[in-house]
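# Structural overview for review
Here is how the chains run, residue by residue.
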Amino acid sequence: MTNPTITGAEIVIRCLNEEKVKFVFGYPGGAVLHIYDEIYKQNGFKHILVRHEQAAVHAADAFSRATGEVGVALVTSGPGATNAVTGIATAYMDSIPLVVISGQVPVPAIGMDAFQEVDMVGITRPCVKHNFLVKDVKDIAATMKKAFYIAASGRPGPVVVDIPKDITAHLAEYIYPKSVEMRSYSPVLKGHSGQIKKAVKLLLEAKRPMIYTGGGLVLGDAAPELVKLARALNYPVTNTLMGLGGYPATDSQFVGMLGMHGSYEANMAMQNCDVLIAVGARFDDRVIGNPKHFDVKGRTIIHIDVDPSSISKRVKVDVPIVGHVQSVLREMNDVLAAEHANAKPNIADWWKQINEWRAVKSMVYQNSTEVIKPQYVIEKLWEVTKGDAYVTSDVGQHQMWAAQYYKFDKPRRWINSGGLGTMGVGLPYAMGCQFADKHAQVACVTGEGSIQMNIQELSTCAQYGLPIKVILLNNRYLGMVRQWQEFFYENRYSESYMDSLPDFVKLAESYGHVGMQITKPGDVEGALKEAFAKKDKFVFMDFITDQDENVFPMIPNGAGLSEMILGKEK
Amino acid sequence: MKHIISLLMENEAGALSRVAGLFSARAYNIESLTVAPTEDPTLSRMTIVTSGSDDVIEQIIKQLNKLIDVVKVLDLNDGKFIERELMLVKVKATGAFREEMKRMCDIFRGRIIDVADGSFTIELTGSGTKLDAFIESLDKAAILETVRTGASGIGRGDRILKI
């Protein structure tokens, strides 16, 4: 007996339900009308109507970052699809698992320059883990299964499924495959045992060890395994921008974030260590600066990563371990416990050195009673939220201050666009986090430049009653651009001034939100408390901050880790 | 250094563009690229001639392996292999040239596959360097047109690329 046939659109919905998708972020349009009609008839997942397709993908992306589940977005063909591209590229650069379903013109119209036609598979090819154009209704279910599998396994990433409109109306039997077997794709999960033993031995022999972890540790849910390893060894730990929360920031072994705006102690320890273990991190240009300068001081490098192509890409690695970070770290802990139970590495001299670097206090800033310092707002945000909020950011100075001054103790709490550096992610990211955890405190730290790149989402937040708190650090400048112009272009502030800003308080109020403007340092803490006390309200907080504040320390582009510029005050 | 990379990939629409796109996106050199289905129609075999330092070649192999449609990748330069390329050359063949062209063709073990009033078309198979040598040895003014397939390669003996 054969199963009854159903439409392609219904198959899409059934697949999403099969994958236990809770939210689909999307925007309807001609090519996806059949799918939207089926959404109307179902209640397996909730569809969230955004105001721009870019925000749909960002929100799905943040939902994934916060929960670890695959995020799902749905957009129409043509402009709907191209609007989604920035969101897809953002997720790709940070290895976030997404399934993005895009509508396409009917199969016979493909290539005819039809209305709202764009070659979505071609456009997204360089910024997806994989993509599909489904040309037969019978292939929808198997393709969806593959899409979810590819997105979430190995090194995660976004997968686009482009579905022509006529296919969603055609009929087929619904058969959802139980599992996927692909001869061309089978990610390595378990690390090589010999390499793992070698790594443990090297770590124990180190005189100046360093643990460096990135976004891969967070995505691989390996924070508990890392904490266990680091505590057993008593070694210093640094996190990349993407890796914050991978190790508790309030722990004494944590030396802060490293990289272009990292702490002095983290960068100096990174440069001067003799054995470095990198976990789910990729030695990128914002992290180690100039690789030649990094190479000057020789060190033995152990690198754990699920993606072999991340290993020895910018920096030559001595002990590569390809595998899922959680499984590899677990095995390292086992080897440590079983074979080196009595090993007590003594690195007191190294800690003494690190503490001397710490004494430089590279993160201390000059506070003021006259004008609000952005760093102070973040410190108070951390206090008021008891360090337990989901903090999203946009891109620029405020992003760095949030990373430097909010001490993340848990993974998946710091949500930002590290790889692509996409301005405009902050508000849709906050939406994704709030949908992931409706009772959580969600703060969107942003700038007046970035927030205007997706400000239309204030409307979405109103529609779904999302009690997000926007922390706008308003310095009337594209701050990071201005900072570079001050340092490297002799103060020629070309187009970095933000003129004709809206009255953000009134703007927020016009959507039914609460708006606040804070101009005095003395009001910062009280205002934050007042805002977070409004548990069911969206509060837009416009902090008028110091216009001239810069992000320190800073490693100029192309310089080495030990060539930091410290703050003016020092 | 020049490397010949062989790979097996799913014979699906767009698979070729994923490989070509990877090379341009990551600024890798591509000297030639040939692709055709294998005896198993679900698989295509591609031969890519590229060049770069050992580090670059290592990254190329890793990045190719990362493409979801790619089933297997082999750097032929890791062992013994045979390389062949086919070239068709149309040359002037008038008067004394006619005999000269015939002789050059014989020396290089080519075949004349088309004879016209003023020209010959010569078919020549061999390694890229042999084909280069043939071109070098001809009078430039005599060459009317050349077309080359790009190299195909296969491992010697029991070096087999198969799934």
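Quantities reported herein were computed from a predicted structural model and do not represent experimental measurements.

Frequently, the measure chosen for interface size is the accessible area removed from exposure when the parts meet. With 16 residues of chain B at the contact, the number on the chain A side is twelve residues. No other element matches the five residues that helix H2 (residues 54-66) of chain B contributes to the side of chain B that touches chain A. Split by residue class, the side of chain B that touches chain A holds five nonpolar, five polar and six charged.

At the junction of A:Phe552 and A:Pro553, the peptide bond is cis and its omega measures out at -10° in the coordinates. Position of A:Pro553 relative to the elements: it lies in the segment after strand E20 (539-544). Of note, the phi angle at A:Ser95 is positive, near 55°, even though the residue is not glycine. Tracing the backbone through its elements, the reader meets A:Ser95 in the loop between helix H4 (79-93) and strand E5 (98-104). Looking at A:Ser95, the number of C-beta atoms within 10 Å reads 24, which means it is buried. Despite not being glycine, B:Arg109 has its phi angle at roughly 55°, a positive value. By secondary structure assignment, the location of B:Arg109 is in the loop between helix H3 (96-107) and strand E6 (111-115). In this structure B:Arg109 comes out as exposed when scored by C-beta crowding, with 11 C-beta atoms within 10 Å.

Residues and elements named next belong to chain B. On the basis of which strands lie adjacent, the open sheet formed by four strands has the order E2-E3-E1-E4 and antiparallel pairing. Looking at which strands have only one partner, the edges of the open sheet turn out to be strand E2 (32-37) and strand E4 (70-75). Neighbour-to-neighbour, the strand axes of this sheet turn through a mean angle of 15°, independent of strand direction. The pairing of E2 with strand E3 (residues 43-51) spans six bridges and is antiparallel. Bridging across to E3, Ala36 finds its partner in Arg45.

Reading the values: rules and limits
- Residues numbered from 1 in each chain as written.
- Chains lettered and ligands numbered in written order.
- Predicted model: local features only at pLDDT ≥ 70, side-chain atom pairs only at ≥ 80, totals over all residues.
- Contact = placed C-beta atoms within 7 Å.
- Helix = DSSP H or I, 4+ residues; strand = E, 2+ residues; numbered from the N terminus.
- Nonpolar A, V, L, I, M, F, W, Y, C, P; charged D, E, K, R; others polar.
- Buried ≥ 20, exposed ≤ 12 C-beta atoms within 10 Å, placed from the backbone.
- Pairing = 2+ DSSP bridges.
- Axes fitted to C-alpha atoms, helices over the stretch in contact; angles between N-to-C directions.

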